[in-house]
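# Residue-level structure breakdown
In case you want the letters, here they are:
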Amino acid sequence: MATIHVDGTAYPVDPGDHLLHACLSHGLDLPYFCWHPALGSVGACRQCAVTQFHDEHDTHGRLVMACMTAATDGTRISIADPQAVEFRASVIEWLMTNHPHDCPVCEEGGECHLQDMTLMSGHVYRRYRFRKRTHRNQYLGPFVKHEMNRCIACYRCVRFYREYAGGRDLDVFGAHNHVYFGRQADGVLESEFSGNLVEVCPTGVFTDKTLSAVYTRKWDLHSAPSVCVHCGLGCNTFPNARYGELRRVINRYHHELNGYFLCDRGRYGHAFVSQPSRIRGPLQAHGDGDRGNGNSDGSSDLRPIDRSHALEQLTAMLRERGAGGVLIGIGSPRASLEANFALRALVGPEHFSQGIADAEHRLLAAVLELLQRAPAPVATLREAEAADAALVLGENLPDTAPRLALALRQMVRHASFALAAHEQVPAWQDAAVRDLGRDTRSPLFIASPDATRLDDVATPLRAAPPDIVRLSLAVLHALDAAAPAVPDLPEDQQALAGRIAQALQRAQRPLIIAGTGAGSEALLRTAAAIAGALVRSGRAARMLLTVPECNSLGLALLGGAPLSAALAAAAAGASAGQAATLLVLENDLYRRADRASVDAALQGARHVVVLDHTLHATARRAQLVLPAATFAESSGTLINCEGRAQRFFQLLFPQDEVAASWRWLNEAACACDPTAARWDGLDQVIAALTAELPALSAVRAAAPGAQLRVDGSRIASAPHRESGRTAMYADRTVHEPPPPANADAPYTGSMEGYYGPMPAALYPFFWTPAWNSEQGLNKFQQEVGGPLRGGPAGAHVIQAGGESPGGAAPAVPAAVPAAMPAAFAPRAGAWLLIPQHRVFGSDELSARAPAVAERITAPTLGLNPEDAALLGVGDGDPVEIAIEEPPRPGPPHRLAAELRPALARGVAALSVGLPDQPWVSLPAWARLTRARA
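Residues numbered from 1 in each chain as written. Predicted model: local features only at pLDDT ≥ 70, side-chain atom pairs only at ≥ 80, totals over all residues. Heavy atoms only, no water.

### Observations concerning the overall build of the protein
In plain terms, the rule: The helix count covers DSSP runs of H or I at least four residues long, the strand count covers runs of E at least two residues long, and both are numbered beginning at the N terminus. What the globule rule says is 2.2 Å times the number of residues to the power 0.38, and the radius of gyration is computed from C-alpha atoms. Whether a residue is buried, partly exposed or exposed follows from its accessible area with a 1.4 Å probe, protein chains only, as a fraction of its type maximum: under 20%, in between, or over 50%, in that order. Contacts: residue pairs with any heavy atoms within 4.5 Å of one another.
Across its full length, the protein holds 25 helices and 34 strands. In terms of C-alpha radius of gyration, the protein reaches 29 Å, essentially the compact-globule figure of 30 Å for 933 residues. Each principal axis of the C-alpha atoms in the protein carries an extent, and together these give about 95 × 80 × 60 Å. Taken over 933 residues, the protein has a buried fraction of 60%. Sequence-distant contacts, at least 24 apart, represent 73% of the contacts inside the protein between residues at least 6 apart.

Pasting the structure below:
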């Protein structure tokens, strides 16, 4: 440690930091613009000036920029020195000469970093009276609004978008006082991280376009800690609401996970909560009780009923279990752990289905087994970013796990940091480090059937899935001679496997990544075996296995049969005199299985009850639909791909009959059985869950319970500056309604409550006097860029069965595939269909958000141009697809061809999960023919 002196007070600091970082970490207020904790220093704005003194006898000193000056031992500076104060005020004044006087109407108002820094510098009156420079704003797509006249040329936007996130369609143009930050021409920002510009920009140049349509001043937005529900990484978020309506989602800092940034799917996919397709009250099939009454497509004519009638109907259906009926519960990987457990408790473990396809069921079981065996420690996103070599097997991360892809984009810079350290250039000198390491990267190998958006910083390896498995097994054999060798591997692939193994062996912190997106259990097992071999060789290796949905791993921990078993039981029940009642929890079965199987099950079941928040194809076939709460309207627990249980908390309190799924299920259970335990709050559900499943006991530690009080008070969920509260409902009543009661969390529904130091999992927002923007986060961190004060957010629930991380790994042969896969051989007239996921569209919930829907393109069938030539099709031509295998072939359907030059020969990439696209079990062999137009 070093010691610096700031205005006569000594502070211990890390000598590797710069002065701005050191001052902010100690809670000192020092203005800045261009610096950002994740982006490093470039010294563009000159706002963080301080006076540096030679020694204790120096009374004059000299001005230095704190973000560009190392915090060396003995440094003496002054923030309050008059010349530094005057200089900082003059910087603000010249930056403001062209800034419009539009704070009252600017959408950044109330959380504007420029406002904060202007007041902090003392520049409160403007002397400039001349014509201001003006720019034309651009259309940048459905996510981000552009107001270039507010720019202060801090360069944060292009530094994040181009240098950090790898985007290429936003840049800076012009020079001097006429620089312009935007695209070469109007158009949609291409990067899936474009929404971070809204938080990165310290002014109102880039603002949230979706919020603009339902705008509310930032100080009036209620907030609650939450978890993203659009993939399996578990990024932390803050949903914001006003007038009982969800208005936006912003990043919630988590040191080990998402850090400062979110992907656009997580930021803008929330609008499904407010869509017309929301189910706001119980619905019942109209007519004689038969589903599909009057509709040719088999859907029900659903009519609203009241809550008491709905519970009577549900109770009657459940009681039929004792009269020769079977009760089958179908869970969901997008429902909370508590909701799935409530369903499991109601129907019994033997009648609980996970609600996912057989292939995904097998893959998740393999992921869980590998995490429990722990051949290597599981990496957090932060550890993935800190790796110095990585191998990605079969997964297209920018589409299936975008925030992990962003972490890998930073991982490749570690070689340049090492080079900079050798040349004694501080790591925070961003421009210098980038120039020095322009042609130096840490090794990143991506083995996939098709191109990915990480290829520009990686060594891409193109092969069909079976050949990727063989290549990964060759890497394993090169690392550990006890592993089986791969016969008949071509010499070039053998040499490549040796190169990969050598790069991983040379690294100190290698990382191995695989996931369920490739549909290959062999890849999962081989990835874990490679990580285990590296651990045995003394490397601090990590592995990371991605899963598709927000609670996929939690569902796997609960256990249960695959969806096919539940569908088969329901379809066969009628003929066997065991007609089933199906309880479907937050799941559209037509997205999980082929239409014929789902139709047969729904038709064969005696009753179908759906609990969900969105009206989808399965709900339209139900007899009874109950309105479930979304993540914003309930509290619950999700378990991410690394086994971390995290709590999301209720923000909206609907005035209609919407309720958490577990509340509907428990109320029905109690109505059927007076001796059943009644759960009045989330804590009781968690207590019951951990009592029945002791392996999940760590779920209790994910966040404090609802009974927590600090200084005798609940935590305030409304900001200190909330305005107009008493007039919100003046058009309906002159009386202020009481804040909603929250039985599941320790929050009030108002600003009257505690807001101070608290457990990190509970912060509802980050605000502190003089720091109204998200930059105030530094006041809540142990140090800038470090963990939050208040301990970890979340708790790991998966207990490894083997040695502790870094210890002995299981034997290699137990982890690899049981049989050596054969080399891929294209079939005459047939292609291997593989899934092609899309960051916008493949996720069910975000696809219902209007802004995200604008980014969804039509489904396609990707083909290598040479394969397309064999079929006689060009780009956009229709192709008919006839599934041959697996055993239940689907009906032919057609898609437009998309020529993809990087795609492996003999493989066709089928878009999956897009709206109105039929489900197909992949991978599968199919015959392709050119379809008639």
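### Points about the pairing of strand β18 (residues 389-393)
Let me state the cut-off plainly: Paired strands, in this sense, are two strands between which DSSP finds at least two bridges.
Judged by how many residues are buried, β18 sits mostly within the fold: five of five residues are covered. Of the two faces of β18, both are covered, the one formed by Ala389, Leu391 and Leu393 as well as the one formed by Ala390 and Val392. Bridging between β18 and strand β21 (residues 510-515) involves four bridges; their strand directions are parallel. The residue of β21 that forms the bridge with Ala390 is Leu511. Judged from the four bridges that link them, β18 and strand β19 (residues 444-448) form a sheet pairing that is parallel.

### Description of unusual backbone geometry
In this model, Leu922 is joined to Pro923 through a cis peptide bond whose omega is 0°. For Pro923, the location among the structural elements is in the loop between β33 (907-911) and β34 (924-930). Non-glycine residue Arg46 carries a positive phi angle of around 65°. Looking at where Arg46 falls in the secondary structure, it is placed in the loop between α1 (19-25) and β3 (49-53). Positive phi, normally seen in glycine, also occurs at Glu586, with a value near 45°. Checked against the element boundaries, Glu586 lands in the loop between β23 (580-585) and α21 (595-604). For Glu586, a relative accessible area of 6% gives the class buried.

### Let's talk about the packing of aromatic side chains
Keep this limit in mind: Any pair of Phe, Tyr and Trp rings, taking the six-membered ring for Trp, is counted once the centres come within 6.5 Å. Such a pair is stacked with planes under 30 degrees apart, edge-to-face with planes over 60 apart, and tilted for the rest.
Summed over the entire model, instances satisfying the criterion amount to 23 aromatic pairs. For the ring pair Phe160 and Phe261, a centre distance of 4.8 Å and an interplane angle of 40° mean the geometry is tilted. Taken as a pair, Phe160 in helix α4 (residues 156-164) and Phe261 in the loop between β13 (245-251) and α7 (264-268) lie far apart in primary sequence, 101 residues in all. Across the pair, exposure class does not vary: Phe160 and Phe261 are buried alike.

### What about the environment of Ala365?
Here Ala365 shows up in helix α10 (residues 358-373). Residue Ala365 is classed as partly exposed on the basis of its relative accessible area of 43%. For Ala365 and Gly559, which are 194 residues apart along the polypeptide, the C-alpha to C-alpha distance reads 8.9 Å.

### A few points about the environment of Gly110
The topology assignment puts Gly110 in the loop between α2 (82-95) and α3 (113-121). Considering only alpha carbons, one finds Gly110 and Lys218, 108 residues apart in sequence, at a separation of 5.7 Å. Once residues lying within four places of it in the same chain are set aside, the contact partners of Gly110 are Gln115, Lys218, Trp219, Arg721 and Asn772.

### Focus on the pairing of strand β31 (residues 878-885)
In the sheet, β31 pairs with strand β32 (residues 893-899) via four bridges, with the strands oriented antiparallel. Counterpart to Ile881 in the pairing with β32 is His893. In the sheet, β31 pairs with β34 via six bridges, with the strands oriented antiparallel. What sits directly across from Ile881, in β34, is Leu928.

### Regarding the sheet that holds strand β22 (residues 542-546)
Heads up, the rule is: Only the stretch in contact is used when fitting a helix axis, every axis being a line fitted to C-alpha atoms; angles between N-to-C directions are given from 0 to 180 degrees.
Pairing in this open sheet of five strands is parallel, and the strands run β20-β19-β18-β21-β22 from one edge to the other. Sheet topology places β20 (459-462) and β22 at the edges, where each strand pairs with a single neighbour. Shown here is a sheet whose adjacent strand axes are inclined to one another by a mean of 15°, direction ignored. Here β19 pairs with β20 via four bridges, running parallel. Bridging from a neighbouring strand, Ala447 pairs with Leu461 of β20. Most of the contacts of helix α18 (residues 521-536) go to β21, to which it runs at about 170°, and overall it touches β18, β21 and β22.

### Some thoughts on the side chain of Gln138
Definition in use: N or O atoms within 3.5 Å of each other form a polar contact, as long as, within protein, one can give a hydrogen and the other can take it, and as long as residues adjacent in sequence are counted only when both atoms are side-chain atoms.
Topologically, Gln138 is positioned in the loop between α3 and β6 (144-146). Polar contacts involving the side chain of Gln138 include one to the main-chain carbonyl oxygen of Arg183, which spans 2.7 Å. What Gln138 contacts, discounting residues up to four positions off in sequence, is His146, Tyr180, Gly182, Arg183, Gln184, Ala185 and Asp186.

### Considerations on the sheet that holds β33
Pairing in this closed barrel of six strands is mixed, and the strands run β29-β33-β30-β32-β31-β34 around the ring. If you compare each strand with its neighbour and ignore which way they point, the axes differ by 45° on average. Direction of pairing for strand β29 (residues 830-836) relative to β34: antiparallel, over a ladder of four bridges. Bridge pairing in β34 places Ala830 opposite Arg927.

### With respect to the environment of Leu870
Among the secondary structure elements, Leu870 is positioned in helix α25 (residues 865-871). For the pair Leu870 and Tyr215, spaced 655 residues apart in sequence, the C-alpha separation works out to 54 Å.

### Focus: the side chain of Asp467
Among the structural elements, Asp467 can be located in helix α16 (residues 465-479). Residues in contact with Asp467, not counting those within four places in the same chain, are Ala823 and Phe824.

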